[in-house]
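# A look at the structure
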Amino acid sequence: MKCKSLACIWSGSPPAHRVTAVAALHEPLTLYTGGSDGSIIWWNLVSSPEKTELKPLAMLCGHAAAIADLGICFPHEASDNENLTNSSKVPLYHNSVNCSALISACSDGVLCVWSRASGHCRRRRKLPPWTGSPIMIRPLPKNNRYVCIACSFFNQEHQLTNSVEGHESLVDTELQNPNPSKCTVIIIDSFTLTVVQTVFHGNVPIGPLKSMAVVFPSEDLEKQSVMISDSFGKVLYLSIVKDSDQKGQNVAVVSNDSLMSEVMDWADDSKEGFLVSSAKCAYVLALVHKTHCTFRQADNGTVLGKISFTDHQLCFEDKLYVIGGIFLGADASISNNGFVEEFVAWNNIGGAVIYRISFRNSIFKYDPLSVIPAVLHPSHTKLSFSFVTLNNNLLRVESICFHVEQHKFWRPHVTIWLSPQQHDNNGKPPLECTLLAEGNLFDDWATGSSLSTIEGLNHVIFKEGIHMTDEMTPLKNSMISPRQTDGKDSSYVTYRGGQLVSSSMVISENCLVPYAIVYGFFNGDIEIVRFHMFFSALDSLSENPSSEAASKKQSHHLSGHKGAVLCLASHQMVSRSGACSSNHVLLSGSMDCTVRVWDLELGNLIMVLHQHVAPLRQIILPPRQSEYPWSDCFLTVGDDLCVALVSLQTLRVERLFPGHMYFPAKVLWDGVRGYVACLCPNYSEKADVHDILYIWDVKTGARERVLRGAAAHSMFDHFLKSSNGSFLSVNLMNGNTSLSSLIFPVIEPAKFSQSHPKVSGKEISPRISTSSKIEPSVADTSNFMKVTGAKSDGHTSVVFQNEKHPIKSSSPFPGVSALCFDLTSLMSLCAMNEFFEDGSHLRENNHAKGAGISTPKDDAYRRTNDSSKELGLEMPSSHQGNGKSSSDGSSIVTLEHNEWVRALEGCLLKFSLSFLHLWDIDAELDNLLITEMKLKRPDPFIVSSGILGDRGSMTLTFPGSNSTLELWRSSSEYSALRSLTMVSLAQHLISLSHSCSSASGALAAFYTRKFAEKISDAKPPLLELLVSFWQNEFEHVKMAARSLFHCAASRAIPPPLCCSKATQLINSHAYPYRISEEEHENTSVVSPVSNVDMETQEHFVEEESTITSWLESYEVQDWVSCIGATTQDAMTSQIIVAAALAVWYPMLVKPRLAMVVVHPLVKLVMAMNEKYSAAAAEILAEGMERTWKVCIGSEIPRLIGDIFFQVECVSGTSANAFSPNSAASIRETLVGILLPSLAMADIPGYLHVIERQIWSTASDSPVHVVALMTLVRVVRGSPRNLAPYLDKVTIFMLQTMDPGNTTMRRTCLQSSMTALKEVVRVFPMVALNDASTRLAVGDAIKEISNASIQVYDMQSMSKIKVLDASGPPGLPGLLGGAVETGITTAISALSFSPDGEGLVAFSETGLLIKWWSLGSVWWEKLSRNLVPVQCNKLIFVPPWEGFSPNSTRSSIIASVLHEDGQTNSPGNKKGSSEMDRLKVLVQNLDLSYRLEWVGERRVKLSQHSHDLGIFQL
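The following refers to the structure shown.

What counts and how
- Residues numbered from 1 in each chain as written.
- Predicted model: local features only at pLDDT ≥ 70, side-chain atom pairs only at ≥ 80, totals over all residues.
- Heavy atoms only, no water.
- Salt bridge = Lys/Arg side-chain N within 4 Å of Asp/Glu carboxyl O.
- Buried < 20%, exposed > 50% of the residue type's maximum accessible area, 1.4 Å probe, protein only.
- Pairing = 2+ DSSP bridges.
- Helix = DSSP H or I, 4+ residues; strand = E, 2+ residues; numbered from the N terminus.
- Expected span 1.5 Å × (residues − 1).
- Arc of directions from axis to C-beta.
- Axes fitted to C-alpha atoms, helices over the stretch in contact; angles between N-to-C directions.
- Phe/Tyr/Trp six-rings, centres within 6.5 Å; stacked < 30°, edge-to-face > 60°.
- Lys NZ or Arg CZ within 6 Å of the ring centre and 35° of its normal.
- Parallel < 35°, antiparallel > 145°, perpendicular 65-115°, else oblique.
- Contact = heavy atoms within 4.5 Å.
- Nonpolar A, V, L, I, M, F, W, Y, C, P; charged D, E, K, R; others polar.
- Left-handed = near helix turned anticlockwise from the far one by under 90°.
- Polar contact = N/O pair within 3.5 Å; in protein donor to acceptor, adjacent residues only side chain to side chain.

The subject of this paragraph is the pattern of salt bridges. Going through the model one piece at a time under the given rule, you end up with 25 salt bridges. As a salt-bridge pair, Glu-398 and Arg-396 come within 3.0 Å of each other at their nearest N and O atoms. Residue classification places Glu-398 among the buried residues on the basis of a relative accessible area of 0%. A salt bridge links Arg-937 to Asp-939; the nearest nitrogen and oxygen atoms lie 3.5 Å apart. What makes Arg-937 partly exposed here is its relative accessible area of 23%. Taken together, the salt bridges that share partners define one network made up of Arg-125, Asp-950 and Arg-951.

It is worth spelling out the sheet that holds strand E16 (residues 234-239) at this point. Think of a sheet as strands paired side by side through backbone hydrogen bonds, with each pair either parallel or antiparallel. Strand order in the open sheet formed by 4 strands is E14-E15-E16-E17, and the pairing between neighbours is antiparallel. Every interior strand has two partners, whereas the edge strands, strand E14 (209-215) and strand E17 (264-265), have only one. The pairing of strand E15 (residues 225-230) with E16 spans 5 bridges and is antiparallel. Looking at E16, one finds that Val-226 is bridged to Leu-238.

Over its 16 residues, helix H18 (residues 1097-1112) extends 22 Å from the first C-alpha to the last, a length consistent with the 22 Å expected when each residue adds 1.5 Å. Along H18, the residues that are buried comprise Phe-1100, Glu-1103, Ile-1107, Trp-1110 and Leu-1111. Across the axial projection of H18, the buried residues extend over an arc of 100°, all falling on one side. Seen from the buried face of H18, the exposed residues on the opposite side, beyond 90 degrees, are Gln-1097, Glu-1098, Val-1101, Glu-1102 and Glu-1112.

For the rest of this paragraph, the subject is the sheet that holds strand E33 (residues 526-530). Ordered in space as E31-E32-E33-E34, the 4 strands form an open sheet in which the pairing is antiparallel. For this open sheet the edge positions go to strand E31 (501-507) and strand E34 (555-558), each flanked by a neighbour on one side alone. Averaged over all adjacent pairs, the angle separating strand axes in this sheet is 15°, with direction ignored. Bridge count for E31 against strand E32 (residues 516-521) is 6 bridges, and the pairing is antiparallel.

Right, let's talk about the packing of aromatic side chains for a bit. This model, assessed by the stated rule, comprises 33 aromatic pairs. With centroids separated by 6.1 Å and ring planes inclined at 65°, the aromatic side chains of Phe-295 and Phe-327 adopt a geometry described as edge-to-face. In this pair, Phe-295 is assigned in strand E20 (residues 292-297) and Phe-327 in strand E22 (residues 322-327), connecting sequence segments 32 residues apart. Side by side, Phe-295 and Phe-327 carry an identical accessibility label, which is buried. Aromatic side chains Trp-968 and Phe-1011 sit 4.4 Å apart centroid to centroid with 45° between the ring planes, which places their arrangement in the tilted category. Note that Trp-968 is positioned in helix H11 (residues 961-970) and Phe-1011 in helix H13 (residues 997-1014), a separation of 43 residues in sequence. For the pair Trp-968 and Phe-1011, one class covers both residues: buried. In this structure, Arg-18 is placed above the aromatic ring of Trp-410, and the distance from its NZ or CZ to the ring centre is 5.6 Å. Across from the ring centre of Phe-153, 4.6 Å away, lies the NZ or CZ of Lys-182, which sits over that ring.

Attention now goes to the pairing of strand E39 (residues 616-620). Within E39, 4 of the 5 residues are buried, leaving the element largely enclosed by the surrounding structure. Note that E39 and strand E40 (residues 633-638) share 4 bridges and pair antiparallel. Looking at the pairing, Leu-616 lines up with Gly-638 of E40.

All right, on to the packing of helix H27 (residues 1262-1277) against helix H30 (residues 1302-1322) then. Working note: a packed helix pair is described by the angle between its axes plus the distance between those axes. As a packed pair, H27 and H30 sit with axes 9 Å apart at the nearest point and diverge in direction by 10°. When the axis of H27 is compared with that of H30, the two are roughly parallel. Contact residues: His-1264, Val-1265, Leu-1268, Met-1269, Val-1272, Val-1275 and Arg-1276 in H27; Met-1304, Thr-1307, Cys-1308, Ser-1311, Ser-1312, Ala-1315, Glu-1318, Val-1319, Arg-1321 and Val-1322 in H30. Counted by class, the contact of H27 with H30 contains 10 nonpolar, 4 polar and 3 charged residues.

Moving on: the packing of helix H20 (residues 1127-1144) against helix H22 (residues 1173-1182). Packing of H20 against H22 brings their axes to within 10 Å, and their N-to-C directions diverge by 20°. Here H22 runs roughly parallel to H20, going by the angle between their axes. Pair H20 / H22 crosses with left-handed handedness. Contact residues: Ile-1136, Ala-1139, Ala-1140, Val-1143 and Trp-1144 in H20; Ala-1175, Ala-1176, Ile-1179 and Glu-1182 in H22. In terms of residue class, the contact of H20 with H22 is built from 8 nonpolar, no polar and 1 charged.

Before going further, it helps to examine the side chain of Thr-1257. Tracing the chain through its elements places Thr-1257 in the loop between helix H26 (1243-1256) and H27. Assessed through its relative accessible area of 12%, Thr-1257 is described here as buried. Side-chain polar atoms of Thr-1257 contact the side chain of Gln-1253, separated by 2.5 Å. Those residues within four positions of Thr-1257 in sequence are excluded, and the remaining contacts are Glu-1208, Val-1263 and His-1264.

Turning to the pairing of strand E62 (residues 1398-1403), a few remarks are in order. Buried residues dominate E62, accounting for 6 of its 6 residues. The two faces of E62 match: Gly-1398, Val-1400 and Phe-1402 on one face and Leu-1399, Ala-1401 and Ser-1403 on the other face are all buried. Here strand E61 (residues 1389-1392) pairs with E62 via 4 bridges, running antiparallel. Across the sheet, Ala-1389 pairs through a bridge with Phe-1402, a residue of E62. Relative to strand E63 (residues 1408-1413), E62 runs antiparallel, the two being bridged by 6 bridges. Opposite Leu-1399, over in E63, you have Trp-1412 as the bridge partner. In this antiparallel pair of consecutive strands, E62 and E63, the connection spans 4 residues, and Gly-1406 shows a positive phi of 95°.

Attention now moves to unusual backbone geometry. Residues other than glycine predominantly adopt negative phi, and peptide bonds predominantly adopt the trans conformation. Note the cis peptide between Glu-27 and Pro-28, where omega equals -5°. Tracing the backbone shows Pro-28 in the loop between strand E2 (19-25) and strand E3 (30-35). With an omega dihedral of 10°, the bond running from Tyr-628 to Pro-629 counts as a cis peptide bond. Along the chain, Pro-629 turns up in the loop between E39 and E40. Not every positive phi belongs to a glycine, and Leu-1407 is a case in point at roughly 55°. Although it is not a glycine, His-1504 adopts a positive phi angle of roughly 55°. Tracing the backbone through its elements, the reader meets His-1504 in the loop between strand E66 (1498-1503) and strand E67 (1506-1512).

Here it is, written out as structure tokens:
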């Protein structure tokens, strides 16, 4: 399980966002806008009686290409018998808030499903290459889990641009392509994002797709078909197969012609014009044209009516025209008997008219209800508009374009309009809608420096009659004239230093922590912002004073480019020779067609390169395994369609790869195999032209192969998968470059190896970390710290590779940088520290193979030190400590090295806490962290939070505490991950440095309890997610997960499990999450099946059904993708959560929960799951006596037998299926925790099972040893319950030491003697003589007339004598309260005489001491007489002060129980009386009596170490 937390660093300028798609979610009120750069903005609508607010909450980062469409889906897991036409069967305990999700598609074929409940991307996949590029998404009305996606083979990104900038260019393009187009229509399962049906694939006899809708024939509502149309009015119906088993994920399926209807031409009027938009509501289809709208019946095309827009001034000559329209009602709000619906149409300047349309008795009517005024803007400004309905309101989403440094910059603006409720205008003009609220990205944008204003970008709305300048577009005689706002000006755009960011990156590839953030601006400047301030604690250990001084400089500015900086990269030099003398260089490409090489440390310009004649778009760094001299080269990609290879050694262009037909958008460089793969997407508008893959040989510069179409994508994906499998041979493009981290295709994580293989030549072999023969390559040494030991010929490596860095960085979009903190890697830093403390050695070689060239071996220590220098510090060299070195050149690690590593670890933890902590919530805590823990606030940066999604996707909140707190309020997954990270790091920091223990404790307490007090509406941590970390390898993480579980359990109980009382407690306005200690104690002792008589049987059935449904469900488990889990993890976590709540909080959950969950819990234990079986066994053991015994009492013996079988499997040959650590952990849990609890719950059943194991299991089986060790734990944990069965326990132990079975004796002798001695120590009625040759076992509880003592020979392990310990005649009458035939305490203590030939026994019943003379052992062996032997002497012990005999105590209670039994159960008087009496005797059994010899014939009796008297025998 992975636990990763995100911190987002924003530039001073807000990101550009040109809206290309919109979607709205009605519960909760949410708006999503997709942009041309692939970003998606998540807007929250907060409505209250006082005001309505629309605030941007977060940026959803999952796409690297333009968003083609957005849609709402319900990706719940349906049953196997559901098909595409069945309605969604959502369980009762799920609501739309939890089930609804956003599905997004971009032009490069990547699909993402974003959960509204958690806010993160729950699944991210890429469509197969044969499908084409997605253009439209429509959910299936009958089952919203499935969505229909139409794909085309045009360049959809250009089409999206044209649709935004104007429809004339788009229509011209379509007129140039009148031929049939190729398209694909597929059905996608939104839960798995897999293709479940290929509706159509091939050429369609219509033009390019313009609209798509899923319709139902009026005569058969069970049939569904997809209607597609082009801009010319040609329509085609494609049938959806009801029960499809087609699998179109990897292979294209050609649609059956019988499922495709004839083409219908709905443009029967030559004046119809081109179709600009379409909308569907039930069976009504609206076809929107520039000047009018036609309403047709969706299944057959029958015209229902028309609306002319010229009547309402939506159109005016050639300047104004309609560009879209939508229905305001739900898709199912229209019936076949007629309809009355509202419809809105808008034009190209944002003006809109809301119509009420009706169709009854074949008569179509429409009336304008209200209008929305247009947007006033300069005539040269480009705009785009979209409308969407949300909670009976109408939202207008605007995108305004302005120019900065010859570049287009788009900004979104959203307005919310309230439509007046008006049914009959009676000829009056329509009313104007009321403006409720506005929202944009610039209102509350936080900045780290100055604010600036872009002139000439005023976005003002004026009322009719206001004076307008010549630059503004007037509307004459229009009902939708521009209007003036309340004076609020939305024209301000803030950005850092008066510059807009054009590119950015985080330098961290060669460091344990990020080194700096680099921003490139549109004016050509570059800014470097370093993280030195967070590592000031290492300055005292630094050997480089100059670097310490340089570290005080926070930022650095570089100037030189004459155009926008479009790409950035940083490279650490491998070789020190050549024209470039810098250790670390910064590369920048610009619109001015140049590449500049900078010294990153000094900021000096090294070289300007002019290998391109067009703007530079990408810089590709060499892979890690590149050989010299390619390891100091880089690739550049320009708009001139050329790829160049430049050497930093010579500062010259060494290779040119020209001749690409299209721009190489994706470039892959394999350093070992020596090729460069350039994937060039088709940017033309011709449908018959495919994407092309060029493969180049780096060494020769020759073009090796050219692939086209789907083969090109498949081969490129294959290269990427095989390369990522090694993680060493191929540069991932976005490492230390400004290229987006989302640019690559989505790779299946299952393809990756768990180990870290090393590439050798053309092969991929597992990497060995403990061998001196295998050295890291030149590029590898930049990514790890290598420590070698001198104890053996080999050396041990401590590796910090890229995928194992504790803090990773990425830049999904310009100006947006994300730091990902891996909790596992941060917690494992102590392993390196322990390695140093063990006296390991650091190796440094000072020889080289060539002049000025260092080998991979020579480079490890230097590269580590170079990485440290980047942070303004230098790791102390080992040879400066004491001057001593070993014979092989290794220097002994000194104390300075150990201190440096510990200081580095502390700085890493504090750096993480600084960026992850939620500042300004608790001022007292913030002050404590700064003063005691020495944390530094990240004030120089604009920091926000985020949550990691599936396969590299991210949800990044916008700056400001409100956005971050909203994520806490909406996402239990985020709450759990962030709280777990903070508490774990705080506890780990305590173990690292005791000086900050109080601050660390306060920080842990804040995220455990106090945060919920300050933010009362924050979501509690998700219990299922916390449970998945209960078996974490790090103790601090494990304890943090359990602490958070207990603190959040009372307010985070899943609704299906929560009882009505707990629901009232949680929903009450009182403190909802606090349970007092008394309440917790009370809930811990209540039986889960109490008050059964008060409930009806029907209620029990319903309750059990609800619980079972929740236990067996794994739909909409968003946390699964948050931590890289599976659906199996979801189900097992739910079982553990339910079981833990039943054990620890029985009063807060439903009474039948324990009865329902116990069997799944037992199955989970026996499944031997490496992640969860141990935790399940712990819960089963902890609640066995109090909770589970009532439910599975009769099944305990069978369960014990199954556990013995599992123990034998884990310990035997089948244990190879388990990893050594997991097998040991599971065995320890079963043997050490669960088995003793089961044995104590049913001691007779356990003894019966182990007796059978003696004869049914192999003599050398580990089961026998486990049984003996379990007996030891039972003896220690529940000795009184074991006392009635001491004879069986003794016989079993003696059987395991039987000299006749040498194999078993050899296996069990030590364990048997340990168990026997423990029995003798605990039970005074069991005695072993000093020579360990005789064993005596007395009856602890038995009828006084049949009590006896068994004597065994420890050499032959056989019974040699039986002693009669019955009471003397008349004893019951003397006791008075005892029943003559009843059971009672028989033998209280035994002791052998010092010579071993005598035995003395004491009985509390009757206060008797008896003495037997046993005789010699050899005579006993010969006689073998088992006739009971009478005692030689009988002594009555006088009662001592405070004595209350056990028989008297038990008789009173037994008489009460006996009378109660007679009253309630007259048929079971004797049985219940004997059972109750036995329970009381066991409970009151006194095991503190001891007999001790003080002379030859004198014995001392004591109780609780208190002497009761000395008696002469």
